[in-house]
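# A closer look at the structure
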Amino acid sequence: MKRKITRKTKPARGRPSAKASVKASVKGRTKSTKAKPHHATPATAKSDPLDALVVAGTQALRLPLDPAWHGSVKFNLQLILHLGGLVDEFPLPDDAEPGPVFYA
Amino acid sequence: MLDTPATDFAPPTAAASAAAVKSGQSSAVRVVEAAIARIRERDPLLNSFTAVTEQRALLRAEAIDATRARGEPLGPLAGVPFAVKNLIDIAGLTTVAGSKINRDNPPAHRDATLIERLEAAGAILLGALNMGEYAYDFTGENIHDGPSRNPHDLNCMTGGSSGGSGAAVGGGLVPLALGSDTNGSIRVPSSLCGIFGLKPTYGRLSRARSFPFVASLDHLGPFARSAYDLALAFDAMQGFDPDDPISVDSPVEPVVPLLDRGAEGLRVAVASGYFKCKSGEACYAIDRVAAALGANRDIEIPQAERARAAAFVITATEGASLHLDRLRKRAGDYDPAVRDRLIAGALAPASLVVKAQKFRRWYRGEVLKLFTEVDAILAPATPCTAPLIGQQMFTHGDIELPVRANLGLYTQPISFIGLPVVAVPVPLIPLPIGVQIITAPWHEDVALRLAHALEAQGVVAAMRPAM
């Protein structure tokens, strides 16, 4: 049986799924392992509430954020929020059990 | 491009190796030496091993041969070489979990429970296997150790995150390997490498002394070249383990004696809707397996897309929680693709995580109802055959999707609620693809019986490696 899938090969390594995040990832890999925490500028944060969340959230959690990583982190956060939205819109009763451990 | 010349090399199964050792046709030392020779010859191409425990293996093999010489009984896996994903503790080695950061940890002081149990059955550990960093991966690529390579086309992915396990068994280096499966990391490489894989019921096999990823979704399980070998390994590893907090104290239920019951009397359906195949290979594989099992009805797994979304949210956030301190101290030492997803997960609102957990409980209840109507459900294991290493996108129906995030789109809604699954390989030229046999919790026996029956019919089989 012949394979029908068209392969679209791109330069290897950067794996996030948006071009911007690929670029950010490749840049991020070259950074020193002891890079100082560095946050996006307030000007960037004003342009999109999610930019502000990325900056404020990483600061609040004392997580480093090299500017080169910002786009990829934001992309991934957008994805989580989008998928979380799918879950959020599903109606469940108030007493639905959130306990994660389940037995047969 | 790397060459992948055809070969007539027929890798031995675990059952055949054990039978040869028990009968005296071979010795455990000879079996282990042959495996070491295969690793030396082929692993420079496959890149599946990150450590080979040659000395330990030879000592163990000598002990097994001495046991036989004394006339004492040997275990069901006597002399069978195996290897483990490098997030599973091996005494004396550092458990790197595919990372750079964990290389600074001290060596493990004791083997993981599953290694101890396999060795108690006579198996012989040969080393640690490559994997995607911290198991947050579906590709089998690793920026620190290089990608594991598909034994049927060295330019292609193994799938991940248990990529080294897929390559080592698919490439015939060892007949048995262990991996972990949080969202599909046993089933995806099984599918892309054309071998059998078992993701057991959540809580069935101990995870003690393995490096976690998402504790509420993590499973350990075996890879093999036959359903019989999977059952042999599964039986050897079963049993409650107080060292794993989620290990369930359920009775040991040996499956090997049940395998020959076949598919008779079992009701099998094909998952429809979200699980409807969209590639020629996946559709061919499902159709062949369904026809062989007489599965002539479809069944809808409700809200599967939402289940996958919830699994994604829980994975990102629980994984982030695990790595929070490491991210603060050594963010630059992560694979950027892993780091950026973990940082994003740390920022996700807890309210969505709790919603995802609540949905999980609801979804579990709905899916379990299906098993009053059927005994097993078939679904594709992967949406496509192995992509090229480094490939970013693949075609799914009429849309393009990122490879890394979507190779597990059919596996995530199943592991999300801990159901047992056997991934069976449908041999295709040039690349194989897998089908999931999904059963109710604690019914690994049903999935393994069906896999064994399909193998007997010649519908599924581990292909000889093309290298």
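See above for the structure.
Computed from a predicted model, the values in this text were never measured in an experiment.

## Regarding helix H2 (residues 28-46) of chain B
Residue and element names in this part refer to chain B. Remark: the principal bend of H2, roughly 40 degrees, maps to Arg-40, with a proline, Pro-44, within the next four residues. Within H2 the residues assigned to the buried category are Ala-28, Val-29, Val-31, Val-32, Ala-35, Ile-36, Arg-38, Ile-39, Arg-42, Asp-43 and Leu-46. Buried positions along H2 lie against helix H1 (14-23), strand S1 (49-52), helix H3 (54-69), strand S2 (81-85), strand S3 (124-129) and helix H5 (163-170). Positive backbone phi, at 55 degrees, marks Asn-47, one or two positions downstream of H2.

## What to know about the packing of helix H4 (residues 67-88) of chain A against helix H10 (residues 336-347) of chain B
Axis separation between H4 of chain A and H10 of chain B bottoms out at 8 Å; the angle between their running directions is 55 degrees. Taken as axis vectors, H4 of chain A and H10 of chain B run oblique relative to one another. In the crossing of H4 of chain A with H10 of chain B, the sense of the turn from one axis to the other is right-handed. Every residue of H10 of chain B that contacts H4 of chain A at Trp-69, Ser-72, Val-73, Asn-76, Leu-77 and Ile-80 of chain A is listed here: Arg-339, Asp-340, Arg-341, Ile-343, Ala-344, Gly-345 and Leu-347 of chain B. Class assignment of the residues belonging to the contact of H4 of chain A with H10 of chain B gives a composition of seven nonpolar, three polar and three charged.

## Remarks on the packing of aromatic side chains
Counted according to the given criterion, the structure contains 12 aromatic pairs over all chains. Ring geometry for Tyr-274 of chain B and Phe-275 of chain B: centres 5.1 Å apart, planes at 85 degrees, overall edge-to-face. Looking at Phe-275 of chain B, the relative accessible area reads 1%, which means it is buried. What links up through ring pairs into an aromatic cluster is the set Phe-90 of chain A together with Phe-359, Trp-362, Tyr-363 and Phe-416 of chain B. The positively charged end of Arg-341 of chain B is found above the aromatic ring belonging to Tyr-136 of chain B, 3.8 Å away from the centroid.

## Some details on unusual backbone geometry
Working note: non-glycine residues mostly have negative phi, and peptide bonds are mostly trans. Residue and element names in this part refer to chain B. Residue Ser-161 is reached from Gly-160 by a cis peptide bond, and omega for that bond is 10 degrees. Among the secondary structure elements, Ser-161 is positioned in the loop between S3 and H5. A cis amide bond links Ile-429 with the next residue in sequence, Pro-430, at an omega value of 10 degrees. Backbone geometry at Asn-47 places phi at a positive 55 degrees, although glycine is not the residue there.

## Regarding the pairing of S2 of chain B
All names here are of chain B. Counting buried residues in S2 gives five out of five residues, a clear majority hidden from the surface. Direction of pairing for S2 relative to S3: parallel, over a ladder of five bridges. From the neighbouring strand, Val-84 faces S3, where its bridge partner is Ala-128. With three bridges joining them, S2 and strand S4 (residues 176-181) adopt parallel strand pairing.

## Comments concerning the state of the cysteines
By definition, a disulfide links the sulfur atoms of two cysteine residues through a covalent bond. Residue and element names in this part refer to chain B. Tallying each qualifying case throughout the model produces one disulfide over all chains. In this model Cys-277 forms its disulfide with Cys-283; the gap between the sulfur atoms is 2.2 Å. Judged by the torsion about the S-S bond (110 degrees), the Cys-277/Cys-283 disulfide is right-handed. Given the relative accessible area of 22%, Cys-283 is considered partly exposed. You can see Cys-156 has no disulfide; the closest cysteine sulfur is in Cys-384, sitting 10 Å from it. Judged by its relative accessible area of 0%, Cys-156 is buried. When its relative accessible area of 1% is taken as the criterion, Cys-384 is described as buried.

Procedures and definitions
- Residues numbered from 1 in each chain as written.
- Chains lettered and ligands numbered in written order.
- Predicted model: local features only at pLDDT ≥ 70, side-chain atom pairs only at ≥ 80, totals over all residues.
- Heavy atoms only, no water.
- Bend = angle between axes of the 7 residues up to and from the residue.
- Helix = DSSP H or I, 4+ residues; strand = E, 2+ residues; numbered from the N terminus.
- Buried < 20%, exposed > 50% of the residue type's maximum accessible area, 1.4 Å probe, protein only.
- Contact = heavy atoms within 4.5 Å.
- Axes fitted to C-alpha atoms, helices over the stretch in contact; angles between N-to-C directions.
- Parallel < 35°, antiparallel > 145°, perpendicular 65-115°, else oblique.
- Left-handed = near helix turned anticlockwise from the far one by under 90°.
- Nonpolar A, V, L, I, M, F, W, Y, C, P; charged D, E, K, R; others polar.
- Phe/Tyr/Trp six-rings, centres within 6.5 Å; stacked < 30°, edge-to-face > 60°.
- Lys NZ or Arg CZ within 6 Å of the ring centre and 35° of its normal.
- Pairing = 2+ DSSP bridges.
- Disulfide = S-S within 2.5 Å.

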